[in-house]
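Residue-level structural notes
So you can see what is in the structure, the chains are spelled out below.
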Amino acid sequence: MEEKQLNSEESLELITRMIRQTRSRVERNAAQPFLVMGYLTVAVSIAVWFALRATHNPIWHLLWFVIPIAGLFYNGIVRRANREKAVTTYIDRVVGYVWWVFGSAAVLCSLLSFFVRLDILFIILLTMGMGTTITGLIIRFRPATAGGTAAIVLAPVSLIVSGYWMPTLFAVGFVVMMIIPGHILNYKSNHTNG
């Protein structure tokens, strides 16, 4: 097979097209985890709120562990599906590492909260806000950066709020941090890429 030598204009066009395709793929792939994990977290928050209101039994806080378990399951499915489809880029790896670190820290703190008094919803909202903000900065998507920053600002409010309002505040944080940016990213991706 014969290799064609590209002139500088063709080379620049090829590089530009590759960057555009990579950014488009990152935008498409970034919306789905935001939406899945955002809606899952809001659903669990509402379930915890209803269960606590109905029974006044703190055992229902164990429902929070549905989130990391479902997250690991979802991540495994996505990783298996993407293994055959596309090449993993540096940005994909960086975003993956960011979420691996913040997700691991969140799970570790959640487990630690069984033995030590921790304001776990504050810690989770803060760490997920930082992860979302960093992801938004990496993929250069301002709504994710703004949503993550809003969650970081909202996290200390969870130290003031008590009782049944905590899961509600937590759900609001995830709506602002993941669901709204996820829908904007999804809309932008679908309308930019035809």
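Small disclaimer: the values here were computed from a predicted structure and weren't measured.

Conventions used here
Once a new chain begins, its residue numbering starts again from 1 and follows that chain's sequence as written. Whole-chain, interface and lining totals are the exception, using all residues; otherwise, since this is a predicted model, local features are given only for residues with pLDDT of at least 70 and side-chain atom pairs are given and counted only at 80 or more. Side-chain descriptors were evaluated using all non-hydrogen atoms of the structure, hydrogens and water having been removed beforehand. Each axis is a line fitted through C-alpha atoms, and for a helix only the stretch in contact is used; angles between axes span 0 to 180 degrees, taken between their N-to-C directions. Put simply, DSSP marks the helices as runs of H or I at least four residues long and the strands as runs of E at least two long, and each gets a number from the N terminus on. Should an angle lie under 35 degrees it is considered roughly parallel, over 145 roughly antiparallel, and from 65 to 115 roughly perpendicular; all remaining angles are considered oblique. Note: crossing handedness is left-handed where the near helix turns anticlockwise from the far helix by less than a right angle, and right-handed where it turns clockwise. Two residues qualify as a contact provided that any one of their heavy atoms is within 4.5 Å of a heavy atom in the partner residue. Under this grouping Gly is polar, as are all residues other than the nonpolar Ala, Val, Leu, Ile, Met, Phe, Trp, Tyr, Cys and Pro and the charged Asp, Glu, Lys and Arg. Working definition: with a 1.4 Å probe on protein chains only, accessible area under 20% of the residue-type maximum means buried, over 50% means exposed, and in between means partly exposed. Counting of polar contacts relies on pairs of N or O atoms within 3.5 Å, with two restrictions inside protein: one atom must be capable of donating a hydrogen and the other of accepting it, and residues adjacent in sequence are counted only when both atoms are side-chain atoms. By definition, a salt bridge exists where a carboxyl oxygen of Asp or Glu is found within 4 Å of a side-chain nitrogen of Lys or Arg. Nonpolar cores were defined as sets of buried Ala, Val, Leu, Ile, Met, Phe, Trp, Tyr and Cys residues, with membership established by side-chain atoms within 4.5 Å. Here the expected span of a helix is defined as 1.5 Å times the quantity of residues minus one. Here is the rule: rings of Phe, Tyr and Trp (six-membered ring for Trp) pair when centre to centre is within 6.5 Å. Planes less than 30 degrees apart are stacked, more than 60 are edge-to-face, and the remainder are tilted.

Considering the packing of helix α4 (residues 120–138) against helix α5 (residues 142–154)
Their axes nearest at 7 Å, the elements α4 and α5 cross at an angle of 160 degrees. By the angle between their directions, the pair α4 and α5 is classed as roughly antiparallel. The two elements α4 and α5 meet at a crossing, and its hand is left-handed. Across from L125, L126, G129, M130, T132, T133, G136 and L137 in α4, the residues of α5 making contact are A144, T145, G148, T149, A151, I152 and L154. Taken together, the residues of the contact of α4 with α5 sort by class into eight nonpolar, seven polar and no charged.

A look at the environment of V101
Of note, V101 is situated in helix α3 (residues 90–112). Overall, V101 belongs to the partly exposed group, its relative accessible area being 47%. C-alpha separation for the pair V101 and T127, spaced 26 residues apart in sequence, amounts to 9.7 Å.

Quick word on the side chain of T135
Positionally, T135 belongs in helix α4. Polar contacts involving the side chain of T135 include one to the side chain of W99, which spans 2.7 Å. Ignoring sequence-local partners within four residues, the contact set of T135 consists of F34, V95, V98 and W99.

Some words on the pattern of salt bridges
Applying the stated rule across the entire model yields one salt bridge. For D119, the salt bridge identified is with R117, shortest N-O distance 3.3 Å. A relative accessible area of 69% places R117 in the exposed class.

Here we look at the nonpolar core
Soluble globular proteins tend to bury their nonpolar side chains together. Residues W64, L125, M128, F170, F174 and M177 are the most contacted members of the largest nonpolar core, which totals 34 residues. Mapped onto this core, the elements with two or more residues apiece are α1 (8–55), α3, α4, α5 and α7 (165–192). Apart from residues lying up to four places away in sequence, F170 is in contact with T41, S45, W64, L121, I124 and L125.

Observations concerning α5
Over its 13 residues, α5 runs 18 Å from end to end, which matches the ideal 18 Å to within 8%, given 1.5 Å per residue. Taken residue by residue, α5 has A144, T145, G147, G148, A151 and L154 as its buried positions.

Topic: the packing of aromatic side chains
Summed over all chains, the structure comprises four aromatic pairs. Centre to centre, the rings of W49 and F50 are 4.9 Å apart; their planes meet at 75 degrees, and the pair counts as edge-to-face. Judged by relative accessible area, W49 falls into the partly exposed class, the value being 26%. Both rings, one in F170 and one in F174, keep their centres 5.0 Å apart while their planes meet at 50 degrees; by these two values the pair is tilted. Of this pair, F170 and F174 both sit in helix α7, separated by four residues, roughly a single helical turn. When sorted by exposure, F170 lands in the same class as F174, which is buried.

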